[in-house]
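Summary of structural features
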Amino acid sequence: MKKKILIVGQGIAGTVLTFTLIGKEDLEITILDNNPQTSSSKVAAGLYNPIVFKRLMHSWNANEVIPKLKEFYSKIEILLNTSFHFTMPLLKILSNEEEKQFWLKKSKQVEMWDYISQDILKSYKPDFINQHSGFAEVFNAGFVDLKVFLVQAREYFVGLNIYIQSYFDYSELKIENNATVYKKQNYDYIIFAEGYNSLNNPYFKWLPFVPAKGEVLTLKIPNYDSDKIVNKNLFVLPLGNDLYKVGATYNWLNLNEEVTEVAKIELLEKLKDVLKCDFELINQEAGIRPSILDRRPIIGAHPSEKSLLIFNGLGTKGVMLAPFVAESLSEFILKGVEIESEINVSRFYKFYPNGR
Ligand SMILES: Cc1cc2nc3c(=O)[nH]c(=O)nc-3n(C[C@H](O)[C@H](O)[C@H](O)COP(=O)(O)OP(=O)(O)OC[C@H]3O[C@@H](n4cnc5c(N)ncnc54)[C@H](O)[C@@H]3O)c2cc1C
């Protein structure tokens, strides 16, 4: 008999997981989402960058995560017959000689060869960008146009008749006599990919979520014609047609999806250090990143209700991490392969109020 799975949430997490699981033998997937106007995935710039600039190291598991994301998004582009994944070099503006020397030293380390350049570019678009102490290149960066990816995915799921537009009502979930029943349907697993809304999920709200509000701007910069992402305390990401995404802010206190004047001023101030040309402000958006205390994804089973799973904690790196993390969860569901401890929800079982 086929295993029935309900995935709650069609953000990056739920969407990538659904694509990872559909078509697998012996699984019957349904995805449910309330399709709000805005969500973290809907406002995200979609950028991926394998470098942590503070320490100039590659990010967690980059050697596995980056090839996986490229394989995954390319496969789905073919399936959906559309383009949304763009590899694009990222130029880090170097502030001063010290930063430049640190970069050059780090770039000689073998484990960094695939990720950062050993040369410093003296100049890039000098009529538009402040040149500071030169530019260093990050390889294996790029972005996913999430508006296209999420909308096309939704249409695909609707076409397969596996999509339900609705809010998951926790009071309709009954777990008794080894059966997990939601609105009179039996499921083998219900997987919650609810982003920061897991804070309202009675089964998972005990997890140490540290959600972070973020805001981004869309600018029009005529004639800049950049085909590279530029970064200095913020990113300027080319979207095409003279449009650029600029972000992002971090705020752990005011957890709502309203755009603010404070965030706009912060981004425009930082932008003065990067851009020296005129631009037009087109749009401002806000969302709430689902981050976890230790900044790692969180997947696996509820401590006592083993049919309830979670896929969350993508934090600032949803695009990059989701394909790799979804694959781990898929292996767990299909073959019982143990989830590695760094991303396993079990690392937080000690926080569960009723014990395991
Ligand atoms: C301003 C900003 C910029 C960002 N930039 C980037 C970036 O450039 N690159 C990057 O990789 N990441 C970026 N991020 C982070 C990225 O957005 C997140 O990592 C990612 O979107 C998390 O996806 P998710 O699916 O876990 O959560 P969400 O996007 O929150 O999706 C959850 C979905 O589940 C639905 N849902 C929740 N509860 C229920 C329920 N009970 N019933 C039905 N539906 C439900 C929600 O409505 C939503 O559609 C950014 C975030 C912000 C805020």
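In this convention, every chain numbers its residues from 1, walking through the sequence in written order. Totals for whole chains, interfaces and linings use every residue, but because this is a predicted model, local features are given only for residues with pLDDT of at least 70 and side-chain atom pairs only at 80 or more, for both listing and counting. Excluding hydrogens and water, the side-chain figures rest on all heavy atoms present in the structure.

Digging into the packing of aromatic side chains
For the record, the criterion: Two rings from Phe, Tyr or Trp (for Trp, the six-membered ring) form a pair when their centres sit within 6.5 Å of each other. Planes less than 30 degrees apart are called stacked, planes more than 60 degrees apart edge-to-face, and all others tilted. The rule is short: NZ of Lys or CZ of Arg within 6 Å of the ring centre and within 35 degrees of the ring normal puts a charge over the ring.
Summed over the entire model, instances satisfying the criterion amount to 22 aromatic pairs. Taken together, the ring pairs in this structure connect Phe19, Phe72, Tyr73, Phe84, Phe149, Tyr156 and Phe157 into an aromatic cluster. Over the ring of Phe53 we find Lys92, and its NZ or CZ is 5.2 Å from the ring centre.

Examining the packing of helix α1 (residues 12-21) against helix α5 (residues 146-159)
Basically, it comes down to this: Orientation is described by lines fitted to C-alpha atoms, with helices fitted over the stretch in contact, and by angles between N-to-C directions that extend from 0 to 180 degrees. Secondary structure elements follow DSSP: runs of H or I no shorter than four residues count as helices, runs of E no shorter than two count as strands, and numbering proceeds from the N terminus. Convention used here: angles under 35 degrees read as roughly parallel, angles over 145 as roughly antiparallel, angles from 65 to 115 as roughly perpendicular, and any remaining angle as oblique. Crossings are sorted by hand: turned counterclockwise from the far helix by less than a right angle, the near helix makes the crossing left-handed, and turned clockwise it makes it right-handed. Any two residues whose heavy atoms approach within 4.5 Å are treated as being in contact. Just so you know the grouping, Ala, Val, Leu, Ile, Met, Phe, Trp, Tyr, Cys and Pro go in nonpolar, Asp, Glu, Lys and Arg go in charged, and all remaining residues, Gly too, go in polar.
The N-to-C vectors of α1 and α5 enclose an angle of 50 degrees; their axes lie 11 Å apart at closest approach. By the angle class used here, α1 and α5 are oblique. Between α1 and α5 lies a crossing of left-handed hand. Each of Ile12, Thr15, Val16, Thr18 and Phe19 in α1 lies in contact with α5, whose residues at this interface are Leu146, Phe149, Leu150, Ala153, Tyr156 and Phe157. Per-class residue counts for the contact of α1 with α5 are nine nonpolar, two polar and no charged.

Here's the deal with the sheet that holds strand β14 (residues 185-187)
The following threshold applies: When DSSP locates at least two bridges between a pair of strands, those strands are taken to pair.
Across the sheet, which stays open at both edges, the three strands sit in the order β12-β13-β14 with antiparallel pairing between neighbours. One side of each edge strand has no neighbouring strand; the edge strands of this open sheet are β12 (173-176) and β14. Strand after strand, the sheet turns through a mean of 30 degrees between neighbouring axes, direction not considered. Relative to β14, strand β13 (residues 179-182) is paired through three bridges, and the arrangement is antiparallel. What sits directly across from Tyr182, in β14, is Gln185.

Side note on the site of the ligand
What counts, and what does not: Nearness is judged by heavy atoms alone; a residue qualifies as near a molecule or strand once a single heavy atom is within 4 Å of it. Contacts described as polar in this section are N or O atom pairs within 3.5 Å, which, within protein, must combine one atom able to donate a hydrogen with one able to accept it, while residues neighboring in sequence count only if both atoms come from side chains. Shrake-Rupley sampling with a 1.4 Å probe provides the accessible areas, and residues are treated as covered by the protein chains on show and by no other component. Domain extents, as shown, originate in an automatic or database domain assignment.
Contacts to the ligand come from 38 residues, most closely from Asp33, Asn34, Ser40, Ser41 and Gly315. In the environment of the ligand, an oxygen atom lies 2.7 Å from a nitrogen or oxygen atom belonging to the side chain of Asp33. The separation between an oxygen atom of the ligand and a polar side-chain atom of Asn34 is 2.6 Å. Notes on the ligand: free accessible area 1,000 Å², of which the protein chains cover 96%. Elements represented by at least two residues in the shell around the ligand include exactly α1, β2 (27-33), α2 (40-43), β16 (212-220), β20 (280-289) and α7 (318-335). For the shell around the ligand, the two domains that each supply at least three residues are domain 1 (3-43 + 147-208 + 293-351) and domain 2 (90-138 + 212-289).

A look at the nonpolar core
The cut-off we apply is this: We call a set of buried residues a nonpolar core when its members are Ala, Val, Leu, Ile, Met, Phe, Trp, Tyr or Cys and they connect through side-chain atoms within 4.5 Å of each other. Whether a residue is buried, partly exposed or exposed follows from its accessible area with a 1.4 Å probe, protein chains only, as a fraction of its type maximum: under 20%, in between, or over 50%, in that order.
By size, the foremost hydrophobic cluster in this structure holds 91 residues, and its most contacted members are Tyr73, Phe149, Phe168, Ile190, Ile191 and Phe311. Judged by nonpolar contacts, the second largest core, of 20 residues, contains Ile221, Val230, Val246 and Leu267.

Topic: the sheet that holds β2
Pairing in this open sheet of six strands is mixed, and the strands run β11-β2-β1-β15-β22-β21 from one edge to the other. One side of each edge strand has no neighbouring strand; the edge strands of this open sheet are β11 (163-165) and β21 (298-301). Across this sheet, the average inter-strand angle for adjacent strands is 20 degrees, counted without regard to direction. Relative to β2, strand β1 (residues 3-8) is paired through six bridges, and the arrangement is parallel. Bridging from a neighbouring strand, Val8 pairs with Leu32 of β2. Where α1 meets the sheet, it contacts β1, β2, β15 (189-192) and β22 (308-312), and its direction lies at approximately 165 degrees from that of β2. Packing of α7 onto the sheet brings it into contact with β1, β2, β15, β21 and β22, and relative to β22 it is tilted by some 165 degrees.

Description of the environment of Val16
In this fold, Val16 is placed in helix α1. For Val16, a relative accessible area of 0% gives the class buried. Remark: the alpha-carbon pair of Val16 and Ala322, spanning 306 residues in sequence, is separated by 6.4 Å. If near-sequence neighbours (up to four positions away) are discounted, Val16 is found in contact with Phe72, Tyr73, Phe149, Ala322, Pro323 and Ala326.

A few points about the domain arrangement of the protein
Spelled out, the test is: Accessible area that two parts lose when put together, evaluated with a 1.4 Å probe and summed over both, is termed the buried area. Any Lys or Arg side-chain nitrogen found within 4 Å of a carboxyl oxygen on Asp or Glu counts as a salt bridge.
Assigned domains of the protein: these are domain 1 (3-43 + 147-208 + 293-351) and domain 2 (90-138 + 212-289). The C-alpha-based centres of domain 1 and domain 2 are spaced at 32 Å. Counting from both sides, the interface comprises ten residues of domain 1 and, opposite them, ten residues of domain 2. Together, the buried faces of domain 1 and domain 2 total about 840 Å²; carbon and sulfur atoms form 56% of this surface. Its largest share of buried area at the contact with domain 2, domain 1 owes to Ser40, Val43 and Tyr196, together 56% of the area lost on that side. At the surface where domain 1 touches domain 2, the tally comes to one salt bridge. Put simply, Lys147 and Glu285 hold a salt bridge, and the shortest N to O gap is 3.2 Å.

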